[in-house]
Amino acid sequence: LNWLLFLKFRVSSTSCGGGSYLVIKLKYRGSAGRRKKRRPKDHLAMNNVEASRVMAVLGELLADLRRISLVTAGSLESAEELEEVMGPELSQILMEHRGSAAKVQTDGHDCLAPTTLSICRKLRKNPQLENQLGHLFQEERSAGMIELIAILEKVKARTYKCLTTTMEEENSEKDHFEEVCRREEKAGKERQTLEQQLRVERRERSKQVNYMMGMESRATSELEQLRSTSVKMITSLQTDAKSTLESDLQAYQERDVFLKAEVDKLRAELAMVEAENRDEEMHLRKKKTKSEQDVDGCLALYDSEMSQKEKAFQEELAVYEEVKSTLSEDEAAWRELRAEADAAEEKAKKKADERARRDEKEKRVNKAASVIQKAWRDLHNSKPPGGEDTGKKKKGKGKGGKGKKKK
């Protein structure tokens, strides 16, 4: 691996009027000093170590670009003033860089590389100076430099992706791309079909719209005709209503006069009837008052009788409750006595059963004994007299004979 990365860019709006050139030159060689034999194109894939070195170099490039982007026209003009803040070394390098930029403007020689590398080296060694410089001149960075850094960051990301992609992943992406292309082709055909259907639908829609517009024009003409007819009818109805209103108003006035006369006549008759019936009304009112008093007396008598009956009912109820409680106690005592009697009866019944079983057993035993005794007597009576001694003698002879033979 032997490659050279060289970047040269121009920083606008510097102290030298026309701008100055900042140069970053990074060179990397592989661990082997000699060149390796070039392999075929299919074998140019890098291993992990080489890929990490490439990414490290790109990272250093981006870091140096960010550092150099902080060297603006304002920082070069105020290089002497920055000596107290950032130290004399950085201030001296900035002044030398400003002088190199002025020589580029006058002579046209590219002599910015040494000062550029010195600035990068100084800021790399002391990150605190980089932070202070960024804090002071962050807003003065040129738009071109910021855009260049962004582009290089994208290039770095793309390079990392290319270096870390394996053959399997590349084949997978290729298959995916081919699949997307097939889908896109299929979608294009479907789009053509849909566009054709859309054109047909548009023709149908245009026919329907024309038909609807014709219907609308006919409906508009009919509406105008109805409006004119309705205006005429409204005018005639208003005329008829006005004449009817006048005739009704006149009839109402005549009817009102007649009814007022009738009301006055009836009021006079009512006053006469009220005067005639006033005495009768007073008599009826007195009778009503007396009836109310009689009703109140009857209600008082009823209340007193009901209170007495309620008192007697409460007394009878108390006696009933007492008798009821006594009855419940007697029933409980009767249940206990009944249970005791049932238990005694059950006990007596068990004793009688036991006695009967014992008597029955005794009878069976006596009967068996009598049967055995009878059988024994019959057996004893059936034997011949002296039979028992004869048997004994025969047995003795046999034993003696056997004994003699043994001798």
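What counts as what
- Residues numbered from 1 in each chain as written.
- Predicted model: local features only at pLDDT ≥ 70, side-chain atom pairs only at ≥ 80, totals over all residues.
- Heavy atoms only, no water.
- Helix = DSSP H or I, 4+ residues; strand = E, 2+ residues; numbered from the N terminus.
- Buried < 20%, exposed > 50% of the residue type's maximum accessible area, 1.4 Å probe, protein only.
- Contact = heavy atoms within 4.5 Å.
- Core = buried A, V, L, I, M, F, W, Y, C linked by side-chain atoms within 4.5 Å.
- Salt bridge = Lys/Arg side-chain N within 4 Å of Asp/Glu carboxyl O.
- Patch = residues over 30% accessible without salt bridge, like charges linked within 9 Å, V, L, I, M, F, W, Y side chains within 5 Å.
- Areas by Shrake-Rupley, 256 points an atom, 1.4 Å probe, with all protein chains shown as cover.
- Lys, Arg positive; Asp, Glu negative; His and termini not counted.
- Charge placed at Lys NZ, Arg CZ, Asp CG, Glu CD.
- Axes fitted to C-alpha atoms, helices over the stretch in contact; angles between N-to-C directions.
- Parallel < 35°, antiparallel > 145°, perpendicular 65-115°, else oblique.
- Nonpolar A, V, L, I, M, F, W, Y, C, P; charged D, E, K, R; others polar.
- pLDDT = per-residue confidence, 0-100.
- Left-handed = near helix turned anticlockwise from the far one by under 90°.

### Structural notes on the overall build of the chain
A count of helical and extended segments in the chain gives 10 helices and two strands. N-terminal to C-terminal, the α/β element order of the chain is β-β-α-α-α-α-α-α-α-α-α-α. Taking all 407 residues of the chain together, the buried fraction comes to 15%. Within the chain, contacts between residues at least 6 apart in sequence are counted, and of these 66% link residues at least 24 apart.

### So, the nonpolar core
By size, the foremost hydrophobic cluster in this structure holds 16 residues, and its most contacted members are L82, M86, L90, L94, I119, L123 and L133. Secondary-structure elements contributing two or more residues to this core are α4 (88-106), α5 (113-125) and α6 (127-137). Those residues within four positions of L94 in sequence are excluded, and the remaining contacts are V71, S75, L76, A79, L82 and I119. Counting six residues, the second largest nonpolar core, distinct from the first, contains L62, L65, M145 and L152.

### What about the pattern of salt bridges?
A pair can form between side chains of opposite charge whenever their charged atoms are brought close. Following the criterion strictly, the structure yields 13 salt bridges and no others. Across the pair E179 and R182 runs a salt bridge, and its minimum N-O distance is 2.4 Å. Of this pair, E179 and R182 both sit in helix α8 (residues 167-276), three residues apart, roughly one helical turn. Each of D64, R67 and R124 takes part in one network of salt bridges that share partners.

### A word on a positive patch on the surface
Together, R199, R202, R203 and K207 make up a positively charged patch on the protein surface. Mapping R203 onto the fold places it in helix α8. According to the relative accessible area criterion, R203 is partly exposed, its value standing at 49%.

### Quick notes on the packing of helix α1 (residues 48-69) against α5
To describe two helices that pack against each other, one gives the angle between their axes and the distance between the axes. For the pair α1 and α5, the least separation of the axes is 10 Å and the interaxial angle reads 100°. With respect to α5, the axis of α1 lies roughly perpendicular. Contacts between α1 and α5 involve D64, R67 and I68 from the former and T116, I119, C120, L123 and R124 from the latter. Class assignment for the residues of the contact of α1 with α5 results in four nonpolar, one polar and three charged.

### Points about the confidence of the model for the chain
Should the pLDDT be low somewhere, the predicted coordinates at that spot are not to be read in detail. Predicted confidence across the chain gives a mean pLDDT of 77, with 81% of residues reaching 70 or more. With pLDDT under 50 throughout, residues 1-44 is counted as low confidence; its partners more than four residues away or in other chains account for 84 contacts. Counting contacts from residues 388-407, a segment whose pLDDT is below 50, to residues more than four positions away or on other chains yields zero contacts.

### Some points on the packing of α4 against α5
In contact at an axis separation of 9 Å, α4 and α5 are set at 155° when each is read in the N-to-C sense. By the angle class used here, α4 and α5 are roughly antiparallel. By crossing handedness, the relation of α4 to α5 is classed as left-handed. The residues of α5 that touch α4, namely those facing E89, L90, I93, L94, E96, H97 and S100, are T115, T116, S118, I119, K122 and L123. Residue composition of the contact of α4 with α5, grouped by class: five nonpolar, five polar and three charged.

### Digging into a nonpolar patch on the surface
Residues Y211, M212 and M215 make up a contiguous nonpolar surface patch of roughly 330 Å² in combined accessible area. A relative accessible area of 53% places Y211 in the exposed class.

### Section: the environment of A79
Assignment of secondary structure puts A79 in the loop between α2 (73-77) and α3 (83-86). It is 6.1 Å that separates the C-alpha atoms of A79 and M95, two residues lying 16 residues apart in sequence. Excluding anything up to four places from it in sequence, A79 contacts S91, L94 and M95.

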